[in-house]
Amino acid sequence: MTETLLVDRRPGWTIITLNRPDRLNSFNEDLHRALAAALDEAAADETCRAVLLTGAGRGFCAGQDLSDRVKSDGPPDLGHTLETFYNPLVRRIRALRKPVICAVNGVAAGAGANIALACDIVLAARSARFIQAFSKIGLVPDSGGTFFLPRLIGDARARALVMLAEPLSAEQAAAWGLIWKVVDDEALMAEAEALAAHLATQPTQGLALAKEALNASAANDLDTQLDLERDLQRRAGRTPDYAEGVRAFMEKRPAAFTGKPE
Ligand code: T3D
């Protein structure tokens, strides 16, 4: 049987590929379980200092595999699916104490679009599209869509994307600030892999603390956020990578960060 998820450990980082290309990498329970396990393994592996998420074939991810939703007799409990699979997935990505890059290699629809947005740095192939497909089937955006969209692109654009379910081109997504960058299709994976390899050489603990601060900022007022920055900076200041960064600067040489904890 074909594996629904491919995990490739590279020196210092891991590439995770959603691998159900015939269904545009839409999620079934097998894929959810495999992805959760791969992210947990990356979290526990001290030698893994960055994660790259992408999809096999022409799509990134078309959200929930809808063929699993025509099987049941009565209406399914979709709240249960979110509680069991999608919400923990978004929480795992946001809580992972290392950078998560998403290379959106093709269409990202439904939960697939919002899982991409949960990642720290999103690159997209020029041919990729982002579709809040939920309203086409009578659903509410999930996987953090109603959280990320208004914060990233503003309420007016978020509402129209959600209610119209129109495809948003990668270029428009970048112009609106929904993603970091558009890359020519044939250059996407080389650029995403180079970014992962670069991040794997950076001060991993400092990046994790910065991620923690950014994650918290949406819910905090300025005073609370300033206090949080103080506390996190205190911890960053105790890491070996901070000491190395300062030494390297003074000695006018590149820093050799190890990513080791405080
Ligand atoms: O249910 C719960 O647990 C609640 C949680 C929900 C989370 C969600 O994500 S809900 C939203 C689910 N996703 C969608 O509604 C998107 C459905 N797909 C599409 O609208 C289109 O496929 C795309 C716009 C993404 C791409 O269109 P296109 O024309 O490039 O490709 P296609 O021909 O539609 O798809 C290619 C194949 O993939 C096709 O199979 P076939 O005909 O070649 O055998 C298609 O059926 C299959 N496919 C695409 N998306 C899904 C899918 N099969 C199952 N589920 C899908 N989501």
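Residues numbered from 1 in each chain as written. Predicted model: local features only at pLDDT ≥ 70, side-chain atom pairs only at ≥ 80, totals over all residues. Heavy atoms only, no water.

1. A closer look at unusual backbone geometry
Here is step 1: Of note, the phi angle at S143 is positive, near 55°, even though the residue is not glycine.
Here is step 2: By the element assignment, S143 lies in the loop between strand 8 (129-131) and helix 4 (145-153).
Here is step 3: Under the relative-accessibility criterion, S143 is labelled buried at 2%.
Here is step 4: Of note in the backbone geometry, K252 takes a positive phi value of approximately 50° without being a glycine.
Here is step 5: Residue position: K252 is located in the segment after helix 10 (240-250). (Helix = DSSP H or I, 4+ residues; strand = E, 2+ residues; numbered from the N terminus. Buried < 20%, exposed > 50% of the residue type's maximum accessible area, 1.4 Å probe, protein only.)

2. So, the sheet that holds strand 8
Here is step 1: Judged by pairing direction, the sheet is mixed, and its 4 strands sit side by side in the order 4-6-8-9 without closing on themselves. Two strands close off the open sheet at either side, each with one partner strand: strand 4 (59-61) and strand 9 (168-169).
Here is step 2: Pairing geometry for strand 8 and strand 9, over 2 bridges, is antiparallel. If you follow R129 over to strand 9, its bridge partner there is S169.
Here is step 3: Strands strand 4, strand 6 (107-109) and strand 8 of the sheet are contacted by helix 3 (residues 111-118), whose axis makes an angle of about 100° with strand 6. (Pairing = 2+ DSSP bridges. Contact = heavy atoms within 4.5 Å. Axes fitted to C-alpha atoms, helices over the stretch in contact; angles between N-to-C directions.)

3. Description of the packing of aromatic side chains
How two aromatic rings sit relative to each other is given by the distance of their centres and the angle of their planes.
Here is step 1: Using the criterion set out here, one finds 2 aromatic pairs in the structure.
Here is step 2: Consider the rings of F27 and Y86, whose centres lie 5.8 Å apart with planes at 75°: the pair is edge-to-face. A residue pair is termed long-range when its members are at least 10 positions apart, and F27 in the loop between strand 2 (13-18) and helix 1 (29-44) and Y86 in helix 2 (residues 78-95) qualify at 59 residues.
Here is step 3: On the basis of relative accessible area, Y86 is assigned to the buried category, the value being 2%.
Here is step 4: The ring centre of F147 lies 3.8 Å from the NZ or CZ of R151, which sits over that ring. (Phe/Tyr/Trp six-rings, centres within 6.5 Å; stacked < 30°, edge-to-face > 60°. Lys NZ or Arg CZ within 6 Å of the ring centre and 35° of its normal.)

4. With respect to the site of the ligand
Here is step 1: Neighbouring the ligand are 25 residues, the closest being R58, Q64, L66, R69 and A111.
Here is step 2: Within the side chain of R69, a nitrogen or oxygen atom sits 2.7 Å from an oxygen atom of the ligand.
Here is step 3: Measuring from an oxygen atom of the ligand, one finds a side-chain N or O atom of T81 at 3.4 Å.
Here is step 4: Burial of the ligand by the protein amounts to 66% of the accessible area it has alone, namely 1100 Å².
Here is step 5: For the shell around the ligand, the element with the highest residue contribution is helix 2, accounting for 4 residues.
Here is step 6: For the shell around the ligand, a count of residues per class yields 13 nonpolar, 5 polar and 7 charged. (Near = heavy atom within 4 Å. Polar contact = N/O pair within 3.5 Å; in protein donor to acceptor, adjacent residues only side chain to side chain. Areas by Shrake-Rupley, 256 points an atom, 1.4 Å probe, with all protein chains shown as cover. Nonpolar A, V, L, I, M, F, W, Y, C, P; charged D, E, K, R; others polar.)

Just distances and angles here, no functional claims.
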